[in-house]
Amino acid sequence: MALAALVPGALLGWAVYAAVGGSGDDEAAGTPTASASASSRTSPSASGEDEKPGASSTAEPSAASGPLRGKVVVIDPGHNPTNFEHTAEIGRQVDIGTNRKECDTTGTSTNDGYSEAKFTLDVAHRMRALLEKQGATVKLTQDEDRPFGPCVDERARIGNKAGADAVVSIHADGSGTGNRGFHVILPGAVDAGGADNRAIVEPSGDLGTRIAGNFVRVTGSTPSNYIGGGTGLVTRKDLGGLNLSTVPKVFIECGNMRDSKDAALLTSGAWRQKAAQGISDGIVSFLRG
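By the naming in an unreviewed UniProt entry, the protein chain goes by N-acetylmuramoyl-L-alanine amidase and is assigned to Streptomyces haneummycinicus.

Here it is, written out as C-alpha cells:
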C-alpha cells in the first residue's frame, strides 16, 4: 500500500481529536508541545515508575471470551534493560536481508537516565493486560527474562513462529532537543537475501495507520515534527524486524527521550497507560477489520 494512501486514515484519528478540542503533542520528534490539559492529566514522574502495571505477571491469558478470542498478538519491547552489560554479544552482525546490522543496541534514555528499554517493557506490560482482557493471546519477544537481546532477526522469527495476527515493536527515539512527536514505521517491500516481506506490506500499512490514529485520539499526541512530513508515518527497508517478518508488523517511536517535554510524558506512568491504550486500540481496530 502506498504511503500516500495510508495518510488519510491516520489523519482521521487526528481530525477526530482536534474536533473535540485537543492539541497535544508527543514522541519521537516533535511536533507541538503537549497541551496544558494533557499535561495536567499525566502527572509526570522523573523515576518513570509510577502507576506500575502488573508487569511481573506470567500467567497464561484467559482467552475464553472477548472480541479477540483466537487472535495472537506479539509485542516486541525494543532493546533489553541489561543489553549494556553485553556489548560484545549485541554488537555481532546479523543478516537482515538487505544488509547486515548489529544484533541489537542498548537504546537511548532521557537526560535523567530513564532508559528506553525500561520504557518499552513497561508499555508492553500495560498493552498485554489490555489485550488479554479483549481475549487475545499475547506473547512478548522478551520480558527481562534473558541477559540480552533477542537479536533483531530472532525478534522477527518469534512473531513469525507464533503465527501472529499482528506484531508491534515499541520504541522511543533519541533525537535532538526540540524534536517532538510520535511516528509509526511501516515496512517497505523487501525481497533480498533471506528476507521477503512483500506479502505483509499492505496489511502492515493498515495496522500502522490504525495505530497512529488511535494513538493521537487517546494520548493527544501529534505526529513527529522532524520525520514523516507531518503524517506520523514513515516507511523503511533497513530494519531487520520488518524486513524478516512474514506477519503484519510495525514499529512505533512513542516520543523523543532527549526532549524535555517529551521526556516528561514518557516518564509518566499515567501517560504510558494512555500510550498503551492507544496502541492497543489500533491493534484491536486492525484485528476486527
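More follows now that the structure is in view.
J.: Would you take a moment to explain the packing of aromatic side chains for this structure?
T.: Describing an aromatic ring pair means giving the distance of the ring centres and the angle of the ring planes. A complete count under the given rule lists two aromatic pairs for this structure. Arranged with centres 5.0 Å apart and planes meeting at 55°, the rings of Phe 182 and Phe 215 form a pair that is tilted. Note that Phe 182 is positioned in the loop between strand 5 (166–173) and strand 6 (183–187) and Phe 215 in helix 6 (residues 201–219), a separation of 33 residues in sequence. Neither residue differs from the other here; Phe 182 and Phe 215 are each classed as buried. Pairing Phe 215 with Trp 271 gives two aromatic rings, centres 6.0 Å apart and planes at 85°, and the pair type is edge-to-face.

J.: What is the right way to look at the pattern of salt bridges in this model?
T.: As a working rule, side chains carrying opposite charge can pair if their charged atoms are close by. A complete count under the given rule lists 15 salt bridges for this structure. Asp 143 serves as the salt-bridge partner of Arg 128, at 3.4 Å between the closest nitrogen and oxygen. Here Asp 143 lies in the loop between strand 4 (137–140) and helix 5 (152–162) and Arg 128 lies in helix 4 (residues 116–133), a separation of 15 residues in the sequence. For Arg 128, a relative accessible area of 11% translates into the label buried. Look at Asp 143 and you get buried, because its relative accessible area is 18%. Here Arg 157 and Asp 153 are joined by a salt bridge, their closest N and O atoms 3.5 Å apart. With Arg 157 and Asp 153 both in helix 5 and four residues apart, the pair spans about one turn of that helix. What makes Arg 157 partly exposed here is its relative accessible area of 48%. Taken together, the salt bridges that share partners define one network made up of Asp 76, Asp 104, Arg 155 and Lys 249.

J.: Just to check I follow, could you spell out the layout of surface pockets for this structure?
T.: Over the atoms a probe the size of a water molecule is rolled, and this reveals where empty space is left. What the largest pocket holds in volume is close to 520 Å³. Surrounding the largest pocket, 27 residues form its lining, His 79, Thr 105, His 171, Leu 239 and Phe 251 being those nearest its centre. Top contributing element to the lining of the largest pocket by residue count: strand 5, with four residues. When grouped by side-chain class, the residues that make up the lining of the largest pocket number six nonpolar, 11 polar and 10 charged.

Here is what the cut-offs are and how they apply
Residues numbered from 1 in each chain as written. Predicted model: local features only at pLDDT ≥ 70, side-chain atom pairs only at ≥ 80, totals over all residues. Heavy atoms only, no water. Phe/Tyr/Trp six-rings, centres within 6.5 Å; stacked < 30°, edge-to-face > 60°. Helix = DSSP H or I, 4+ residues; strand = E, 2+ residues; numbered from the N terminus. Buried < 20%, exposed > 50% of the residue type's maximum accessible area, 1.4 Å probe, protein only. Salt bridge = Lys/Arg side-chain N within 4 Å of Asp/Glu carboxyl O. 1 Å grid on protein atoms, 1.4 Å probe; cavity = no way out; pocket = protein on both sides within 12 Å on 5 of 7 lines; lining within 4 Å. Points joined across faces, edges and corners; volume = space filled by probe spheres on them. Nonpolar A, V, L, I, M, F, W, Y, C, P; charged D, E, K, R; others polar.

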